[in-house]
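# Structural description and commentary
Here are the chains, one letter per residue:
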Amino acid sequence: MKWYFKALVLVLAAFISVTWAQEEKDVEGGKDHPLFTRMPGYYLSSFEEKDFDSYEPSYLSGNEARWEGKTTKLEYTLKAGAKPVSMIQIVRNYQNAAGSIGGKILSSETRVTNLKIQKGGAVTYAHVEAFNDGRNYELVIVETKPMAQEVTADANSLNRSLAATGKVAVYGIYFDTGKSILKPESDPTLEEIVKLLHNDARLQLYVVGHTDSVGTLESNLKLSAERAAAVVKAMVGRGIEPTRLKSAGVGPYCPETSNKTEEGKAKNRRVELVEQN
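It should be emphasised that the depicted structure is a prediction, and the values quoted were computed from it without experimental measurement. (Residues numbered from 1 in each chain as written. Predicted model: local features only at pLDDT ≥ 70, side-chain atom pairs only at ≥ 80, totals over all residues. Heavy atoms only, no water.)

## Description of the overall build of the chain
Helix and strand counts for the chain stand at six helices and 10 strands. The long-range share in the chain, meaning contacts at least 24 apart out of those at least 6 apart in sequence, stands at 60%. A total accessible area of about 15,300 Å² is found for the chain, and carbon and sulfur atoms account for 52% of it. (Helix = DSSP H or I, 4+ residues; strand = E, 2+ residues; numbered from the N terminus. Contact = heavy atoms within 4.5 Å. Areas by Shrake-Rupley, 256 points an atom, 1.4 Å probe, with all protein chains shown as cover.)

This is the structure:
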């Protein structure tokens, strides 16, 4: 009978291993928020996204103790056999990631931090809370205004969007109102586009300028074309072959959303990179 029990134990162990492996996949329909990557060795065990909701983070008081906007709630769980990390290590990683894109720390505890990223009028809050000695952590992101790609315009995220849809909207490129001269704060985003092109020597792009609906159609078509051309010129000035890029302007013809609100207008003012077939 000993052989029977040994076989039964082996079968149970194999079943448990397969079950754990299945459970350690990302939850169906879940995905990382483009603002942050996850900690290594973790899988996404819970995912919830709402176009508009409110959230009151722990360890925060005052005027910013209640956040409203597009809300994404993610919970990550450490995979079996993965190298464990401390709760404060999780907190520090997200604080450093936010700091690298101009964010600031609103509150910080051993296992909890609240963060704020503000760029170009767009504000995003993030709440990170680790528990179970770091085996789990929660990430809540609230976008109070549309951020699109503004704080995530890195070469990898641009490449993922191009691979998925053949185009990507870029919001980290700045001009003065009614003008087509690139502002210096556009440089980080421009450098990421250059990196994208260097990473794939075969990639050729249309650079397409878009505007909101303020002003005449003729002036917006002209402005969007000039802004797209300015981006191409900046790319060529950074060493990209001019034959790989073509500029165009479509003015207000292809809005991302309604122009009836200031937030909508801000989202419609953009540059898109479109893959040439």
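## With respect to helix α2 (residues 87-99)
Its 13 residues give α2 an end-to-end C-alpha distance of 19 Å, which sits within 8% of 18 Å, the value for a rise of 1.5 Å per residue. Looking only at α2, the buried set comprises Ile90, Val91, Tyr94, Gln95 and Ala98. Burial along α2 is one-sided: seen end-on, the buried residues are contained in an arc of 130°. Tucked inside the fold, the buried residues of α2 contact β1 (42-55), β2 (67-78), β3 (104-108), β4 (112-119), β5 (122-131) and β6 (136-143). (Expected span 1.5 Å × (residues − 1). Buried < 20%, exposed > 50% of the residue type's maximum accessible area, 1.4 Å probe, protein only. Arc of directions from axis to C-beta.)

## Observations concerning the packing of aromatic side chains
Aromatic ring pairs: the centre-centre distance and the angle between the two ring planes describe each pair. Counting across every chain of the model gives six aromatic pairs. An aromatic cluster of three or more residues is present, and its members are Phe36, Tyr42, Tyr76, Tyr94 and Tyr137. (Phe/Tyr/Trp six-rings, centres within 6.5 Å; stacked < 30°, edge-to-face > 60°.)

## Overview of the side chain of Lys265
Relative to the helices and strands, Lys265 is located in helix α6 (residues 262-268). Take Lys265: its relative accessible area is 18%, and that puts it in the buried class. Once residues lying within four places of it in the same chain are set aside, the contact partners of Lys265 are Asp212, Val214, Ser258 and Asn259.

## Comments concerning the sheet that holds β3
An order of β1-β2-β6-β5-β4-β3 is seen for the six strands of this open sheet, with the pairing classed as antiparallel. For this open sheet the edge positions go to β1 and β3, each flanked by a neighbour on one side alone. Each strand of the sheet is rotated relative to its neighbour by a mean of 15°, with strand direction disregarded. For β3 and β4, the ladder comprises four bridges, and the chain directions are antiparallel. When the bridges of β4 are listed, Ser108 appears paired with Thr113. (Pairing = 2+ DSSP bridges. Axes fitted to C-alpha atoms, helices over the stretch in contact; angles between N-to-C directions.)

## Here we look at the confidence of the model for the chain
Within the chain, residue pLDDT values average 87, and 88% of them lie at 70 or more. Note that residues 5-22 has pLDDT below 50 and, in this model, zero contacts with residues that lie over four places away or in other chains. The model gives residues 146-152 a pLDDT under 50, and that stretch makes 27 contacts with residues more than four places away or in other chains. (pLDDT = per-residue confidence, 0-100.)

## A short note on the pattern of salt bridges
One pass over the structure, following the stated rule, counts 18 salt bridges. Here Lys116 and Glu64 are joined by a salt bridge, their closest N and O atoms 2.8 Å apart. Here Glu64 lies in the loop between β1 and β2 and Lys116 lies in strand β4, a separation of 52 residues in the sequence. The partner of Asp176 in a salt bridge is Lys183, and the shortest N-O contact between them spans 3.3 Å. When its relative accessible area of 38% is taken as the criterion, Asp176 is described as partly exposed. Lys183 sits in the partly exposed class, given a relative accessible area of 26%. Among the charged side chains, a salt-bridge network with shared partners connects Asp26, Asp32 and Arg38. (Salt bridge = Lys/Arg side-chain N within 4 Å of Asp/Glu carboxyl O.)

## With respect to the sheet that holds strand β10 (residues 270-275)
Reading across the sheet, the four strands line up as β7-β10-β8-β9 and stay open at both edges, with mixed pairing between neighbours. Strands with a single pairing partner mark the edges of an open sheet, and in this sheet they are β7 (167-170) and β9 (245-249). Taken pair by pair, the neighbouring strands of this sheet meet at an average axis angle of 20°, ignoring direction. Summarising the sheet, β7 and β10 pair through four bridges and their orientation is antiparallel. Bridge pairing links Ala169 to Glu272 in β10. Along the sheet, helix α5 (residues 217-237) contacts β8 (205-210), β9 and β10; its crossing angle with β9, the most-contacted strand, is approximately 160°.

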